[in-house]
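Observations on the three-dimensional arrangement
What follows is each chain in one-letter form.
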Amino acid sequence: MQRLELPLLASLLLLLLLLPGILTLSQQVSTEEVNIVHYQPEQVHLAFGEHTDSEIVVTWSTRSLPPDPEVVAASVVEYGQLVAGQAKLTQQARGTATKFVDGGHKQATQFIHRVTLRDLKPNATYAYHCGSDFGWSSIFQFRTVPSESVDWSPSLAIYGDMGNENAQSLARLQQETQRGMYDAIIHVGDFAYDMNSKNARVGDEFMRQIESVAAYLPYMVVPGNHEEKFNFSNYRARFSMPGGTDNLFYSFDLGPVHFVGISTEVYYFLNYGLKPLVFQFDWLREDLAKANLPANRAKRPWIIMYGHRPMYCSNENDNDCTHAETLTRVGWPFVHMFGLEPLLYEFGVDVAIWAHEHSYERLWPIYNYEVRNGTLKGSPYEDPRAPVHIVTGSAGCKEGREPFKGKIPEWSAFHSQDYGYTRLKAHNRTHLHFEQVSDDKDGAIIDDFWLVKSKHGSYQN
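Residues numbered from 1 in each chain as written. Predicted model: local features only at pLDDT ≥ 70, side-chain atom pairs only at ≥ 80, totals over all residues. Heavy atoms only, no water.

1. Quick look at the sheet that holds strand S24 (residues 412-416)
For clarity, the cut-off: Strands are labelled as partners when DSSP assigns at least two bridges between them. A run of H or I in DSSP becomes a helix once it reaches four residues, and a run of E becomes a strand once it reaches two; helices and strands are each numbered from the N terminus. Angles run from 0 to 180 degrees between N-to-C directions of axes, and those axes are lines fitted to C-alpha atoms, restricted for helices to the stretch in contact. Only heavy atoms matter for contacts: two residues are in contact if any of them lie within 4.5 Å across the pair.
The strand order across the open sheet built from seven strands is S16-S17-S18-S19-S23-S20-S24, with neighbouring strands paired in mixed fashion. The open sheet is flanked by strand S16 (250-254) and S24, the only strands paired with a single partner. If you compare each strand with its neighbour and ignore which way they point, the axes differ by 15° on average. Most of the contacts of helix H5 (residues 275-291) go to strand S17 (residues 257-261), to which it runs at about 175°, and overall it touches S16, S17 and strand S18 (302-306).

Structure, rendered in structure tokens:
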């Protein structure tokens, strides 16, 4: 056996002498909270501001704020137009940071930053990054709307029910976003599954996943039932929609379309009080009435509304939309107060888009379970006499697909269990085009139709 060298023997003796102290220190570190600060921006995403033709809101998260926010601004966006493909971040906008404490047992804390970029030029590409002098995000870019007028043709991807597990549609949406195919995204409720799970870590991971889409396009959202925990606190804190209504309901204009986003959940989670339901209903009636004024309808003729839970569906389950007395459709049971379908009919909503069911379904024009197709034979979507409903909740989540009934109702025009999402292109004031993309079939279009209207307004007329 070889003799141990003296330096090695001394090192071993020293290690034995220090070992009790090392173990004690290790135990202290494992039982005490390590105070780590994180100034690096993450979860960057965009939304339209109050004026879609000139404002973009940038939202992101950090774990900590700079140690002296009065000296170092915590919420800064540096931006500028792309010049010859080069990012010149010569402009700066500042905003606010709000502390968000998740309702889970760890009370996980982060800071949500919001900055509004104003007076943006139309038809321009801007580069930007966000953060502070203690940490900056990567450089992203976005394209503003092509024109301040209504006479341009916006393209959108629309879907609901996408989690960070089994997010079947995400890769294709990332690719199409980078190709410049869309002007905005609409996510019709149910995110992450669920944002509050694991002390909001699942929500953080989901927001990181969609950054590759949402940091480049306005990502417009409404809440679903999976956002309910702690009175929708994760949803309210993380997103920045127009209107100052705490993100639950709002509207915005894009080209020839007036979009209206609502919360269907105010009909189901009455444990949080009646005020959100009443407030939303009164706001919605006022918003639709204004959009339907002759002067406004002549300028921007299309009205498209979206919310999470559908009024109609033919899925084989015990969800609300499988029954005739859907709460969002007729309102409260028996008294039928606050029903939405009469509003859609009275104010001439052209399209109602929903999710919740993990499938895709297109309906014939319908009111009160009566099919009211267009007057021309063989052209049901040409000047229809009722709104057109679409259910698009198949973007992909860990709960899987939703089956359909054995016998499909006569008011259902097309249905599919394929994972996928919906494309909308508002070509002009008279023509909308919808496509359903199947991820199961490598991006094939499995359904498409044109909605054509020579006149817009109340169906009562």
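2. Topic: a positive patch on the surface
Formally: A patch consists of residues exposed above 30% relative accessible area that lack any salt bridge, with like charges linked at up to 9 Å and nonpolar side chains (Val, Leu, Ile, Met, Phe, Trp, Tyr) linked at up to 5 Å. Accessibility throughout is a Shrake-Rupley quantity obtained with a 1.4 Å probe, and a residue counts as covered only by protein chains that appear here. The term salt bridge refers to a side-chain nitrogen of Lys or Arg lying within 4 Å of a carboxyl oxygen of Asp or Glu. His residues and chain termini do not enter the charge count, which takes Lys and Arg as positive and Asp and Glu as negative. Working definition for charges: the position is that of NZ of Lys, CZ of Arg, CG of Asp or CD of Glu.
On the surface, a cluster of positive charge is contributed by Lys-106, Lys-198, Arg-201 and Lys-398. Considering the arrangement of structural elements, one finds Lys-106 in the loop between strand S6 (96-101) and strand S7 (109-117).

3. Considering the pairing of strand S23 (residues 388-392)
Note the threshold: The cut-offs for exposure are 20% and 50% of the maximum accessible area for each residue type, with area from a 1.4 Å probe on protein chains only; residues under the lower value are buried, those over the upper are exposed, and the others partly exposed.
With respect to burial, S23 is a largely interior element, five of its five residues being buried. Here S23 shows two buried faces, one formed by Val-388, Ile-390 and Thr-392 and the other by His-389 and Val-391. Sheet topology note: the strand S19 (residues 351-354)/S23 ladder contains four bridges and is parallel. In the strand pairing of S23, Ala-352 is matched with His-389. One ladder, built from three bridges, connects strand S20 (residues 360-363) with S23; its direction is antiparallel. Of the residues in S23, the one forming a bridge with Arg-362 is Ile-390.

4. Remarks on the state of the cysteines
Short version of the rule: Disulfide: a pair of cysteine sulfur atoms within 2.5 Å of each other.
Per the stated rule, a full pass over the model turns up one disulfide. As a non-bridged cysteine, Cys-397 has Cys-321 as the owner of its nearest cysteine sulfur, 15 Å distant.

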